[in-house]
Amino acid sequence: MSAVSTFLLRRRGGKGWHWTDVLAYVWLGLGLFLMFGPILWLALSSFKTPANLSEFPPTFLPLDTRMAAVSGYEKPLPLYRVKQDDGSERVLAQVRRVGLTAQLVDPADPQTIIRVPIDKRIPEREVRLATGNYTEPLQQFNFLRYFQNSIFVTVMATIITLIVNSMAAFALSKYEFKGRTAVLGIILATLMVPLSVIVVPLYLVVNELQLFDTLWGVILPTVATPTGVFLLRQYMLTIPDELIDAARMDKASEWQIYWRIVLPLAAPALAVLAIFSIMWRWNDFLWPLIVLSRKEQYTLQVGLNAFSGELNVQWHYVLAMTVISILPVAAIFLFLQRYITSGIANTGLK
Amino acid sequence: MSHLALRQVTKQFGSVKVLHGVDLDVRDGEFVVFVGPSGCGKSTLLRIIAGLEDASSGEIHLDDRQVNDVSAADRGLAMVFQSYALYPHMSVRQNLAFGLENSRMPKTEIEARVMEAARMLLIEPLLNRKPGQLSGGQRQRVAIGRAIVRRPGIFLLDEPLSNLDAELRVVMRAELAALHKRLAATMIYVTHDQTEAMTLADRIVVLRDGRVEQVGTPLELYNKPANRFVAGFIGSPRMNFIDASIARTERGSGLDIGGKHHAAWGLDLPHGSPVTLGVRPHEVDITEVEAGAMALEITLVEQLGAETVLHAKTTLGGAFTLTSPGQGRFLVGDRIGVALPPDLHIFDSEGQAVSRR
């Protein structure tokens with residue numbers, strides 16, 4: 001507890017609070033609110049019932065009408081607070097509603113039905129998590145399958161992206177060959193071509209390769225990214241050539257140089273690319289939507305789309321599944337982000 | 001142990017020619033030092049021998065086998081790089097073992113060789129550290145160890161001591177010499193430091209602008225430099241050069257140094273031909289101004305304790321350096337005379353040493 005309080009009450013030093021301390025906390029607080037507020041809002045909303053979601057003004061916490069088991073009635077009945085004519089309030093259970101009148105009973109006296117106009121009663125509410133938002137899609141809509149598909153696509157695409165791009169980057173950074181700059185130029189030029197331009201030819205290629213409606217059809221067209229090649233090449237340029245010469249003198253084959261020297265030394269750049277690739281593939285929507293047609297092949301993002309019909313969007317499911325879909329990316333970012341800044345390539349020299 | 005022969009090796013980068021036909025033989029167990037100013041092609045020559053660069057023309061023979069088309073990995077040589085080039089992500093042990101693993105040596109043999117090298121270089125306690133955790137001298141040892149474990153035919157060392165501080169450099173120099181003796185290995189060593197060359201080498205190869213200027217033992221180079229460049233490069237402080245001309249009189253040949261006659265015999269050049277005299281700083285004797293062959297004015301006095309280095313200018317305006325044993329009492333501005341030694345180095349107008357009959 002004291003560790004937490006010292007952490008939260010850190011100052012820049014000296015006695016008392018300096019105005020810059022206050023400014024720093026205000027600024028950080030604002031940042032926290034802007035960054036974390038929407039996430040918190042999403043997480044809380046994902047536990048709301050559809051009725052609660054559509055309320056205006058919206059509630060912050062997920063609220064639901066309290067239910068009570070009343071003898072003589074099969075199902076639990078919702079509780080309402082009713083203002084009586086004499087000004088006192090009673091908590092009654094509603095049996096049914098007929099037009100503008102609600103029929104209520106006192107849970108203590110279930111035989112007597114009390115008729116109350118609906119504007120005279122206020123729902124008795126409590127904080128309750130609508131966990132059904134999570135369990136129902138997972139059970140009824142096969143969301144677990146979508147989840148698996150997304151993981152498969154992301155993991156395979158990222159592994160292949162790292163291998164293919166690092167090999168290209170190795171060649172472009174460490175080998176002298178004719179047309180090297182031209183090749184790099186062409187690769188970088190493709191950066192400027194947006195997906196929407198090549199969607200149709202890409203679709204035709206995927207179709208011809210019998211990859212339509214398969215997960216490999218989602219994975220393969222995306223693995224060679226110019227961004228990745230460029231990022232890795234720039235990093236590999238900083239690996240000293242003498243290391244590669246030393247490995248050559250040490251009888252290492254070109255493959256061993258790549259696998260045992262260059263790849264480990266490019267780890268920080270690989271981590272960055274891995275994070276990018278995971279985020280791209282996990283959040284990818286348009287291309288999987290085009291390639292995948294059977295429900296069993298859907299990825300999470302395409303599956304989420306299925307909740308928004310033409311007339312009706314099942315927001316409670318969309319929100320809950322969105323929370324699930326952002327969890328893995330957040331976790332991965334948490335674990336890999338420390339690699340982004342740490343560079344180990346130059347420690348063995350001079 | 002291997003021997004090496006280079007035959008008319010040239011190297012061109014684009015239109016720039018950095019090596020102009022180098023011929024060289026390196027014998028078994030010999031310690032050969034390539035020395036020369038930066039940009040003279042010595043490192044390029046070493047990389048060509050290593051197989052890291054291709055020669056543009058010429059032949060490289062290793063143990064009587066032409067190896068021009070043999071890759072660096074298969075030449076069986078080991079190289080120590082100027083930056084050490086240790087693999088930063090591997091421990092010292094892995095650094096040493098990497099080359100052996102690549103040649104598919106059994107694990108026990110690798111371990112034995114690594115331990116042997118570590119013992120020899122006193123780096124046993126460091127085996128599990130990463131290069132980043134080592135000091136400069138320790139990294140240097142690991143880099144040498146990486147070459148030793150391979151038991152190469154020839155050790156190639158590319159300015160291995162240039163990143164160390166002066167004190168450590170002297171220590172490592174002595175260790176390298178001891179190591180050479182102990183391993184009885186052929187070593188080729190590149191440096192721009194003539195002191196390293198003089199102290200380590202069995203034979204020195206002096207290079208300039210991609211050409212071999214002279215090959216010989218350190219003392220051969222010191223005593224009989226083939227040309228003005230070698231004379232100026234080898235020896236510290238540098239040799240002094242004085243412009244003079246041949247003066248033939250009825251008494252025989254001699255030299256005209258700034259109007260003064262200096263006896264010198266056995267010169268075949270015609271009267272009046274310009275020559276350059278080479279005088280090592282410690283070969284001159286200090287005399288009275290009038291008695292000497294030349295008069296000097298002292299511009300700087302460096303007291304080193306055991307000797308005194310005097311920087312002076314000649315009456316003709318040229319710079320002249322001389323050393324005087326002990327702690328002489330000289331002041332800046334003093335005028336002194338110097339007597340030249342009888343066996344002057346004499347170079348013709350082309351800079352080549354003039355032989356005497």
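Residues numbered from 1 in each chain as written. Chains lettered and ligands numbered in written order. Predicted model: local features only at pLDDT ≥ 70, side-chain atom pairs only at ≥ 80, totals over all residues.

Next up on the list: the overall build of chain A. Of the regular secondary structure elements, chain A holds 15 helices and eight strands. Rg of the C-alpha trace for chain A: 30 Å, well past the compact-globule value of 20 Å for 350 residues, more than 25% over. Each principal axis of the C-alpha distribution contributes one length, and for chain A these read about 95 × 70 × 30 Å. When burial is assessed residue by residue, chain A has 27% of its 350 residues classed as buried. (Helix = DSSP H or I, 4+ residues; strand = E, 2+ residues; numbered from the N terminus. Rg over C-alpha atoms; globule rule 2.2 N^0.38 Å. Buried ≥ 20, exposed ≤ 12 C-beta atoms within 10 Å, placed from the backbone.)

The next point concerns the overall build of chain B. A tally of helices and strands in chain B yields eight helices and 20 strands. Each of the three principal axes of chain B carries a C-alpha extent, and together these read 80 × 45 × 35 Å. Split into buried and exposed, the 357 residues of chain B put 39% on the buried side. Expressed as a percentage of contacts within chain B between residues at least 6 apart in sequence, the contacts between residues at least 24 apart total 65%. (Contact = placed C-beta atoms within 7 Å.)

This part covers the nonpolar core. Within the largest apolar cluster, 126 residues are counted, with the highest numbers of intra-cluster contacts made by V33(B), F34(B), I49(B), A50(B), M79(B), L156(B) and I188(B). Beyond its immediate stretch of four places on either side in the chain, L156(B) contacts L46(B), I49(B), A50(B), L77(B), A78(B), M79(B) and I188(B). If you look at the next biggest cluster of nonpolar residues, it comprises 19 residues, including V218(A), I219(A), V291(A) and Y298(A). (Core = buried A, V, L, I, M, F, W, Y, C linked by C-beta atoms within 7 Å.)

This part takes up the interface of chain A and chain B. The interface is formed by 20 residues belonging to chain A together with 22 residues belonging to chain B. If you list the elements that add at least two residues to the side of chain A that touches chain B, you get α10 (241-249) and α11 (254-265) of chain A. Looking at the side of chain A that touches chain B residue by residue, the classes come out as eleven nonpolar, three polar and six charged. (Nonpolar A, V, L, I, M, F, W, Y, C, P; charged D, E, K, R; others polar.)

Attention shifts here to the domain arrangement of chain B. All names here are of chain B. Domain boundaries in chain B define domain 1 (4-233) and domain 2 (240-347). One C-alpha centre belongs to domain 1, the other to domain 2; they are set 39 Å apart. In this complex, domain 1 contributes four residues to the contact, which on the side of domain 2 involves five residues. Per-class residue counts for the side of domain 1 that touches domain 2 are two nonpolar, one polar and one charged. (Domains from an automatic or database assignment.)

Okay, the sheet that holds strand β2 (residues 16-26) of chain B next. Residues and elements named next belong to chain B. Taken in spatial order, the four strands make up an open sheet running β2-β1-β4-β5, and their pairing is antiparallel. Only two strands of the sheet have a single neighbouring strand rather than two, namely β2 and β5 (65-66). Summarising the sheet, strand β4 (residues 57-62) and β5 pair through two bridges and their orientation is antiparallel. By the bridge assignment for β5, H61 is matched with Q66. (Pairing = 2+ DSSP bridges.)

Take the packing of helix α3 (residues 107-121) of chain B against helix α4 (residues 136-148) of chain B next. Between two packed helices, both the angle of their axes relative to each other and the distance between the axes serve to describe the pair. Residue and element names in this part refer to chain B. In the contact formed by α3 and α4, the axes pass within 9 Å of each other and the chain directions differ by 140°. One finds that α3 runs oblique with respect to α4. The two elements α3 and α4 cross, and the hand of that crossing is right-handed. Residues A117, A118, M120 and L121 of α3 form the contact with α4, whose participating residues are R141, I144, G145 and I148. Here the contact of α3 with α4 is composed, by residue class, of six nonpolar, one polar and one charged. (Axes fitted to C-alpha atoms, helices over the stretch in contact; angles between N-to-C directions. Parallel < 35°, antiparallel > 145°, perpendicular 65-115°, else oblique. Left-handed = near helix turned anticlockwise from the far one by under 90°.)

Turning our eyes to something else, we now look at the pairing of strand β6 (residues 109-117) of chain A. Residues and elements named next belong to chain A. Among the nine residues that make up β6, zero are buried, leaving the element largely open to the surroundings. With six bridges joining them, strand β5 (residues 101-106) and β6 adopt antiparallel strand pairing. Its bridge partner being in β6, T101 is matched across the sheet by P117. Between β5 and β6, which follow one another and run antiparallel, lie two residues.

Attention now goes to the packing of helix α9 (residues 226-237) of chain A against helix α12 (residues 267-283) of chain A. Residue and element names in this part refer to chain A. At their nearest, the axes of α9 and α12 sit 9 Å apart, and the two run at 165° to each other. Comparing the axis directions of α9 and α12 gives the class roughly antiparallel. α12 is crossed by α9, and the crossing has right-handed handedness. For the pair α9 and α12, the contacting residues are G228, L231, L232 and Y235 in the first and A269, V272 and L273 in the second. Along the lines of polarity and charge, the residues of the contact of α9 with α12 split into six nonpolar, one polar and no charged.

Turning our eyes to something else, we now look at the UniProt feature "domain: ABC transporter" (unreviewed entry) in chain B. The UniProt record marks residues 4-234 of chain B with the feature "domain: ABC transporter" (unreviewed entry), using the residue numbering of this structure. Measuring from the first to the last C-alpha atom of residues 4-234 of chain B gives 25 Å, for a span that is 37% helix and 26% strand. (UniProt positions renumbered as here; feature names shortened; annotations may be inferred.)

Within this structure's numbering, the places UniProt gives as "domain: ABC transmembrane type-1" (unreviewed entry) are residues 147-336 of chain A. Span residues 147-336 of chain A is 74% helix and 0% strand, its end C-alpha atoms 21 Å apart.

Time to look at the sheet that holds strand β3 (residues 31-35) of chain B. All names here are of chain B. Reading across the sheet, the six strands line up as β6-β7-β8-β3-β9-β10 and stay open at both edges, with mixed pairing between neighbours. Both outer strands of the open sheet, β6 (78-80) and β10 (211-216), are each paired with one neighbouring strand and no more. Going from strand to strand, the sheet's axes swing by 20° on average, the running direction of each strand aside. Relative to β10, strand β9 (residues 203-208) runs antiparallel, the two being bridged by five bridges. Opposite V205, over in β10, you have V215 as the bridge partner. Of the strands in this sheet, β6 and β7 (154-158) are in contact with α4, which crosses β6 at around 175°.

The next point concerns the environment of A69(A). All names here are of chain A. Locating A69 in the fold gives a position in the loop between β2 (67-68) and β3 (77-83). You can call A69 exposed: it has 11 C-beta atoms within 10 Å. Taking C-alpha positions, A69 is 25 Å from Y134, a pair spaced 65 residues apart along the chain.

Attention now moves to the UniProt feature "transmembrane region" (unreviewed entry) in chain A. Residues and elements named next belong to chain A. The positions UniProt marks with the feature "transmembrane region" (unreviewed entry) are residues 21-44, 151-172, 184-204, 216-236, 257-280 and 315-336. Measuring from the first to the last C-alpha atom of residues 216-236 gives 29 Å, for a span that is 71% helix and 0% strand. Here residues 257-280 is 96% helix and 0% strand, with 30 Å between the C-alpha atoms at its ends.

In terms of backbone geometry, most residues other than glycine have negative phi values and most peptide bonds are trans. Cis geometry is adopted by the peptide bond preceding P57(A), which originates at F56(A) and carries an omega value of 0°. In this structure, the amide linkage connecting S236(B) to the following residue, P237(B), adopts the cis form with an omega of -5°. By the secondary structure assignment, P237(B) is in the loop between α8 (228-233) and β11 (240-249). Of note in the backbone geometry, E159(B) takes a positive phi value of approximately 40° without being a glycine. Tracing the backbone shows E159(B) in the loop between β7 and α5 (166-183).

Attention now moves to the confidence of the model for chain B. Residue and element names in this part refer to chain B. On average, residues of chain B carry a pLDDT of 90, and 99% of them reach 70 or more. Mean pLDDT values over the elements of chain B span from 78, in strand β13 (residues 260-263), up to 95, in β3. The ipTM, which scores confidence in the relative placement of chains, is 0.84 for this predicted complex, and the corresponding pTM is 0.79. (pLDDT = per-residue confidence, 0-100.)

Once that is clear, we can look at helix α7 (residues 195-208) of chain A. Since the α-helix turns once every 3.6 residues, residues separated by three or four places project in the same direction. The terminal C-alpha atoms of α7(A), which comprises 14 residues, lie 19 Å apart, in line with the 20 Å expected from a rise of 1.5 Å per residue. Helix geometry: α7(A) is bent most strongly at P201(A), by close to 35°. (Expected span 1.5 Å × (residues − 1). Bend = angle between axes of the 7 residues up to and from the residue.)

Attention now goes to the environment of L8(A). Inspection of the secondary structure assignment puts L8(A) in helix α1 (residues 2-8). A sequence separation of 92 residues divides L8(A) from L100(A), and the C-alpha atoms of the two residues are 54 Å apart.

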